[in-house]
Amino acid sequence: MDSYSLSAAAKINLYLEIVGDRPDGYHELVMVMQSVGLADRVTVRRLGAHEIRLRCDHPEVPSDASNLAYRAAALLHQRFPKVMTQQGGVEITIQKNIPVGAGLAGGSANAAAVLVGLDMLWQLGLTQIELQTLAAELGSDIPFCIAGGTAIATGRGEQIDTLHGLDGLYVVLAKSPTLSVSTPWAYKSYRQAFADNYLDVATASQTRKAQLHASPMMAAIAHQDGPAIGQHLYNDLEKVVLPAHPDVKAMKTTLASCGGLGTLMSGSGPTLFTLTASQAAAEGIVQQMRSHYSEAELGLWVAPLLPSSLQLLES
Ligand code: C5P
């Protein structure tokens, strides 16, 4: 095959707790991640030339080595130096639907799709664990974007344990088209404001204690209990992002008043989501939100929760 196209889904965080500092400068996290049905299309196509090229239809997405998807291909090339001579180079094409700088892991999903697509194109025969280990070198969210579905993520966010999938639930995603939040800024601001609360993550019992905080959410997921999941949605980063962006805080109040199961900011934001028990309920919330915000003021999407992140569309 000379080309593979994959659908690469966005993620939301149903739970994000910052446990403490890590010696590597990152934060120790306990997160529950969930794939949602808003996806980019990523194609890897064999090139005669021994090089990596990247094209994206979104003007704000770089096409050089600052793009995680490009770096994913460069990492595989570095680890398998002979592969381009044997198999040729690659052109990566990204068709963007996931908003950029949104807290939805769009860039990470693209990089995950490149790792999986190139594993097929270059016939590397890597296992999912091997792909996730490479993914962790590129970014904390990418191992989850390879696994997808519903998962608990610990460590930097790169240690993934898959949970029972959630059937039949939907989300309304809401993002201001003009606003994006820098993830390093959000974590740095959190450290400045809340470092006094950090647990000593070098102590295993402290980390276990932190994981216990997430247990009501885990129980709700195990019971497929939508209302309980809605009730236990939690994100520490809201404590710094919402005060810095009063307009996002106001949007959250409005979205939460529309009658879903629960409303939360995803990742470092600014995307907000409301969980619903059905597609019809989600569409009803979109209609209500449209009486408050125009399309220029707020992007709104209805998406099902998905059992996986990557799907092969064409080869
Ligand atoms: O790993 P990734 O490149 O996606 O992380 C982006 C930024 O988010 C990091 O540079 C760091 O500032 C912050 N971060 C963190 N702790 C984590 C994950 C991310 O501080 N566990």
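About the cut-offs
- Residues numbered from 1 in each chain as written.
- Predicted model: local features only at pLDDT ≥ 70, side-chain atom pairs only at ≥ 80, totals over all residues.
- Buried ≥ 20, exposed ≤ 12 C-beta atoms within 10 Å, placed from the backbone.
- Helix = DSSP H or I, 4+ residues; strand = E, 2+ residues; numbered from the N terminus.
- Arc of directions from axis to C-beta.
- Contact = placed C-beta atoms within 7 Å.
- Axes fitted to C-alpha atoms, helices over the stretch in contact; angles between N-to-C directions.
- Parallel < 35°, antiparallel > 145°, perpendicular 65-115°, else oblique.
- Left-handed = near helix turned anticlockwise from the far one by under 90°.
- Nonpolar A, V, L, I, M, F, W, Y, C, P; charged D, E, K, R; others polar.
- Pairing = 2+ DSSP bridges.
- Near = placed C-beta within 6 Å.
- Domains from an automatic or database assignment.
- Expected span 1.5 Å × (residues − 1).

**Focus: helix 8 (residues 215–222)**
Phase 1 of the analysis: For helix 8, the set of buried residues is Met217, Ala220 and Ile221. The buried residues of helix 8 occupy one face: seen down the axis, they fall within an arc of 100°. In helix 8, the exposed positions angled more than 90 degrees off the buried face are occupied by Ser215 and Ala222.
Phase 2 of the analysis: On its buried side, helix 8 packs onto strand 1 (3–21), strand 2 (27–47), strand 5 (150–155) and helix 9 (226–231).
Phase 3 of the analysis: With its phi angle positive at about 55°, Gln224 sits one or two positions after the end of helix 8.

**Digging into the environment of Ala10**
Phase 1 of the analysis: Its place among the elements puts Ala10 in strand 1.
Phase 2 of the analysis: Expressed as a C-alpha distance, the spacing of Ala10 and Asn197, which sit 187 residues apart in the sequence, is 31 Å.
Phase 3 of the analysis: Setting aside chain neighbours within four positions, we find Ala10 in contact with Val36, Leu38, Ala39, Ile98, Leu104, Ala105, Gly106 and Ala109.

**A look at the packing of helix 1 (residues 68–79) against helix 3 (residues 106–121)**
Phase 1 of the analysis: The geometry of helix 1 relative to helix 3 is characterised by a closest axis approach of 7 Å and an angle of 30° between their N-to-C directions. Our classification of the angle between helix 1 and helix 3 gives roughly parallel. Judged by the twist between their axes, the crossing of helix 1 over helix 3 is right-handed. When helix 1 is examined against helix 3, the residues Leu68, Ala69, Arg71, Ala72, Ala73 and Leu76 are found in contact with a partner set consisting of Gly107, Ser108, Asn110, Ala111, Val114, Leu115 and Leu118.
Phase 2 of the analysis: Taken together, the residues that form the contact of helix 1 with helix 3 break down as 9 nonpolar, 3 polar and 1 charged.

**Description of the packing of helix 3 against helix 4 (residues 128–138)**
Phase 1 of the analysis: At their nearest, the axes of helix 3 and helix 4 sit 10 Å apart, and the two run at 140° to each other. As far as their axial angle goes, helix 4 and helix 3 are oblique. The crossing of helix 3 and helix 4 is right-handed. In contact with Ala111, Ala112, Leu115, Val116 and Asp119 of helix 3, helix 4 contributes Leu131, Leu134, Ala135 and Leu138.
Phase 2 of the analysis: When its residues are assigned to classes, the contact of helix 3 with helix 4 shows 8 nonpolar, no polar and 1 charged.

**Section: the pairing of strand 5**
For a regular strand, side chains alternate in direction, first toward one face of the sheet and then toward the other.
Phase 1 of the analysis: Counting buried positions over the 6 residues of strand 5 gives 5, a clear majority of the element.
Phase 2 of the analysis: Across 6 bridges, the pairing between strand 2 and strand 5 is antiparallel. Considered in strand 5, the bridge of Leu29 is made with Gly155.
Phase 3 of the analysis: Between strand 5 and strand 6 (residues 159–162), which follow one another and run antiparallel, lie 3 residues, and Gly157 among them has a positive phi close to 115°.

**Description of the site of the ligand**
Phase 1 of the analysis: Tyr26, His27, Leu29, Gly139, Ser140, Asp141, Arg156, Gly157, Thr183, Pro184 and Tyr187 make up every residue found near the ligand.
Phase 2 of the analysis: Contributing elements (two or more residues each) for the shell around the ligand: strand 2 and helix 6 (183–194).
Phase 3 of the analysis: When the residues that make up the shell around the ligand are grouped by side-chain class, the tally is 4 nonpolar, 5 polar and 2 charged.
Phase 4 of the analysis: Viewed by domain, the shell around the ligand spans two of them, domain 1 (3–165) and domain 2 (170–304), each represented by three or more residues.

**So, helix 1**
Phase 1 of the analysis: In this model, helix 1 (12 residues) spans 16 Å end to end at C-alpha, consistent with the 16 Å of a helix rising 1.5 Å per residue.
Phase 2 of the analysis: Taken residue by residue, helix 1 has Leu68, Ala69, Tyr70, Arg71, Ala72, Ala73 and Leu76 as its buried positions.
Phase 3 of the analysis: In this fold, the buried residues of helix 1 make contact with strand 3 (52–56), strand 4 (89–95), helix 3 and helix 4.

**Considerations on unusual backbone geometry**
Phase 1 of the analysis: The omega torsion across Gly269 and Pro270 is 5°, close enough to zero to call that bond cis.
Phase 2 of the analysis: Note on placement: Pro270 falls in the loop between strand 9 (262–265) and strand 10 (272–276).
Phase 3 of the analysis: Even without glycine at this site, Ala105 takes up a positive phi of about 60°.
Phase 4 of the analysis: Structurally, Ala105 is set in the loop between strand 4 and helix 3.
Phase 5 of the analysis: Ala105 sits in the buried class, given 31 other C-beta atoms within 10 Å.
Phase 6 of the analysis: Notably, Gln123 is not glycine yet its phi reads approximately 50°, a positive angle.
Phase 7 of the analysis: Among the structural elements, Gln123 can be located in the loop between helix 3 and helix 4.

Just geometry here; none of it tells us what the structure is for.
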